[in-house]
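The residues making up each chain are set out below.
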Amino acid sequence: MSFLDRLGNLLGRVAGTGNRPEVADLPTGTEAERIIKTICAQAIAANDGWTKKVTDSPVWMALKDEPAELQIAVLLTAVDDRQGDVHVYRGDSSHVESLRNAMVAQLLRRDLPLTEAVLTDLLSLWSQQRFAMAFGLPGRSILGAVERLAERQALGERLRGVLAKLRSMADRGAYGGPPSKAIREVAQRIDRLLNGQSSTPQLPAGAFAARWAALVQAQPADQQPHWQALAVHLVASAGKSQPSGKWQAAAGASLAALDRSALATQLMALLADIIPDPARVDDSLDIMKGLVWLTPQLDHDMMAGPVGRFAETCFRKVPNFGARSIGLGNAALWALSAMADGPHAAAELFRLAARIKYPSAQTQIAKRLAALASSSGQSLTALEDIGLPDHGLDATGQRVERIGEASATLTLTANDTDLAWRDSGGKRLKSVPVAVRGGHKAELAAVRKAAADIEAARAGQVARLESSWVERRDWAFADWQTHYLGHPVRRPVVASLIWDVGGTAVFLVDGRLETLDGASITPAPDARIRLWHPLLADPASVLAWRQRIVDAGITQPIRQAHREVYVLTDAERTTRIYSNRFAAHILRQHQFRALCMARGWQYQLMGNWDGWNIPTRALSAHGLTAQYQVETVDDGQQGNSGVLLHIATDQLRFVDAGGAAVPLDQIDPLLLSEVMRDCDLFVAVTSVANDPGWTDGGPNGQFGRYWQQWAFGDLGQSAAMRRELIARIAPRLSIAAQLDIGDRALIVTGKRHRYAIHFGSSNIQILPDNRYLCIVPDGAPPEARNLALPFAGDNLVGIILAKAFLLADESRITDKTIISQL
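All figures in this text were calculated on a predicted structure; none of them were measured in a lab.

What counts and how
- Residues numbered from 1 in each chain as written.
- Predicted model: local features only at pLDDT ≥ 70, side-chain atom pairs only at ≥ 80, totals over all residues.
- Heavy atoms only, no water.
- Axes fitted to C-alpha atoms, helices over the stretch in contact; angles between N-to-C directions.
- Helix = DSSP H or I, 4+ residues; strand = E, 2+ residues; numbered from the N terminus.
- Parallel < 35°, antiparallel > 145°, perpendicular 65-115°, else oblique.
- Left-handed = near helix turned anticlockwise from the far one by under 90°.
- Contact = heavy atoms within 4.5 Å.
- Nonpolar A, V, L, I, M, F, W, Y, C, P; charged D, E, K, R; others polar.
- Buried < 20%, exposed > 50% of the residue type's maximum accessible area, 1.4 Å probe, protein only.
- Expected span 1.5 Å × (residues − 1).
- Polar contact = N/O pair within 3.5 Å; in protein donor to acceptor, adjacent residues only side chain to side chain.
- Pairing = 2+ DSSP bridges.

Student: Looking at this structure, how should I read the packing of helix α16 (residues 326-338) against helix α18 (residues 359-376)?
Tutor: Two numbers describe a pair of packed helices, the interaxial angle and the distance between the axes. For the pair α16 and α18, the least separation of the axes is 11 Å and the interaxial angle reads 10°. By the angle between their directions, the pair α16 and α18 is classed as roughly parallel. Handedness of the crossing formed by α16 with α18: right-handed. Side by side, α16 and α18 meet where Asn-330, Leu-333, Trp-334 and Ser-337 of the first sit next to Ala-361, Gln-364, Ile-365 and Arg-368 of the second. Grouping the amino acids of the contact of α16 with α18 by side-chain chemistry returns 4 nonpolar, 3 polar and 1 charged.

Following this line, the structure appears as structure tokens:
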């Protein structure tokens, strides 16, 4: 007797018939097979993609309204008797097998009149398949049918025996290793069935569940049952990628019985505190996933920032594991999308698009932003322009919060966000008042959250403006006035930068636009304005603007007036389609990748596996892609995971959409300069020439010549710009008489020796015999620390000046390691 016949004989009473049907009476065989074949054919034809859905078949959609006996017959016909085989369904292709699998799973989820004997046979078949916990029959759906049966009657010994066998299999995992989260959930469900417990979802065990229990216990007694019931609902759909409409409606009903304000406060604290650890499995974080899904039903302006920061935390990579939690991170992205009708959540999505570099997260964010733009009927650029919230800042960039007798003042500048405390008399305090720390913890947390949100918004706008050069972005003057100059978050940044209106460079002075010679201009509303770039100005104007920025004591958040420019060389005209300007360098690979991600490049770490890839930056506004070729280092060092510690650089080139190389002289000069600046930055920051530990040439001395050449060699553009800046600053320093500006280094005359501090690497040589001196300064003196540099982000300027102050008077050096070298 076939498995189909055996199951047919075991069928119970069909609803409404009052009789036990015989196999011959069931529409099995030809009719059921015809239905299955039709469903498969329709589903495959309806979708050109890889994923096929039974719901694409009209016959399948109509089947749910057919008599139970016909649905049961389709279920039985879809099950094959090839026990122990991974592929448990008939079919000529994986599509057919997948569709049959979906039919069985969905039919089992319906409340069809299947008897205990039928379910026992199905469970037994599942248990006999290879890798049953990973492939084969939809065991979780069978368990669901058994759970429904258990609500009506006690389970028999044979069925319990099969459940016990499956429970033992679950402990061994799918492939003999530790059980996955899904298998652990199966084990918990079987335990409840064997112990006669309710099939109502239970809270999974884990560290977060313990924290949640303590949180619930802290609530008023009449609220505790509602909080616990909410948690049970939250985990009900935790295995899904996003909540269904039904889940959201039920969650809303659960919220009705809760104090929303108390829940929101607790949830913000959890979002700030919880850091998923992929090395320590905690199934109870499913509760947290549900809480994140719940945030769109709370105050959007309040929740958007914490949810965005939580997403950022979840997608941070942990060595040897990957992202901390893709599931929780995706839940946070979904929540932000669901809240994106408000400016705070939309702004968070735009911020995360620039901050999160995890590939799958970037794809998710791009999809959600595209959907947001489509629903609003505006471009992404326009949407971001108008969607930035003001975070409660006034027109001067300040926000004041009264907390008890004290006040907290948030002040936004072009380069940071300051949080200052004052007493009731307005006197500035050095730290948070004791009364605020002890008696106003929630308000203190809210102020700190606001400061973090404002700073994140400021940094995001700085990055967005810097990318405007590559993205060819400009604005109508009227729009720029409204959304940039008139926006409290953007205004401090805008006011520190030079702008280009129709080819005229202007700067904001007392609320009006002035040219370099002091003339005021008022552009027409439709005039185009963009960020000024020194490549597009004559050298004299560039020098004048640099001096004006220095004289005004302005620190630009973007290196603009002092920005390095890169123009095509004769050597590059000869090579035509590639540049060797940044080739033949040895870079620290992990630092290089981190900087790639920060600058909008894509690159994956290479190791002793087939991981070769090329760092690329998509230049969509130009229809191009930049490629900076790198290679593994022969006999190079590697970490414990097999990742190489160093890589060697090669050519820079540009390719079009078809992958063909584009001649360098056909690249927009501004684009060429900006991409080359990235490459120069990669070398300047991550080259081993900056590492004092490589004075011996690294492993086996194989890179000694490279280290010596670049640690004290010719200056690149970034180092040349550093030289020019220090030349402007040096005359104002107290040690100016002891400083000279050399071609490659800052020359310091100390009391014992003369020293050369290289502008590119900050390495030191003792003159005149060029003896290497290794110094890692603990910090700079106040005079160096308080210098107003004309741009932010160049740490080497501070390091060079700190070394200069130290060496100007060697008698103050107490470090024995340094003294021994002198």
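Further notes follow.
Student: Would you take a moment to explain unusual backbone geometry for this structure?
Tutor: What you tend to see is this: most non-glycine residues have negative phi, and most peptide bonds are trans. At the junction of Leu-767 and Pro-768, the peptide bond is cis and its omega measures out at 10° in the coordinates. Positionally, Pro-768 belongs in the loop between β20 (764-767) and β21 (771-773). Phi at Asp-510 takes a positive value of approximately 50°, unusual for a residue other than glycine. Structurally, Asp-510 is set in the loop between β9 (504-509) and β10 (512-514). On the basis of relative accessibility, which here comes to 74%, the residue Asp-510 falls in the exposed class. The backbone of Asn-770 sits at a positive phi, close to 55°, despite the residue not being glycine. Of note, Asn-770 is situated in the loop between β20 and β21.

Student: Honestly, helix α27 (residues 669-686) in this entry has me stumped. Any pointers?
Tutor: Side chains three or four residues apart in an α-helix point the same way, a direct result of the helix having 3.6 residues per turn. Under the 1.5 Å per step criterion, the end-to-end length of α27 is 26 Å for 18 residues, consistent within 8% with the ideal 26 Å. In terms of burial, α27 is largely enclosed, as 15 of its 18 residues are buried. Of the residues that open α27, the one with a side-chain oxygen 3.1 Å from the backbone nitrogen of Leu-670 is Asp-668.

Student: Whenever I open this one, the sheet that holds strand β3 (residues 398-403) confuses me. Can you help?
Tutor: Strands in a sheet are paired, the pairing made by backbone hydrogen bonds, and the direction either parallel or antiparallel. The antiparallel open sheet is built from 4 strands, whose spatial order is β3-β4-β5-β6. Of all the strands in the sheet, just β3 and β6 (428-429) have a single pairing partner and so form its edges. Of the pairings in the sheet, the one linking strand β5 (residues 417-422) to β6 comprises 2 bridges and is antiparallel in character. By the bridge assignment for β6, Arg-422 is matched with Arg-428.

Student: Whenever I open this one, the side chain of Gln-651 confuses me. Can you help?
Tutor: Here Gln-651 lies in strand β16 (residues 646-656). Of note is the side chain of Gln-651, whose polar atom sits 2.4 Å from the side chain of Arg-653.

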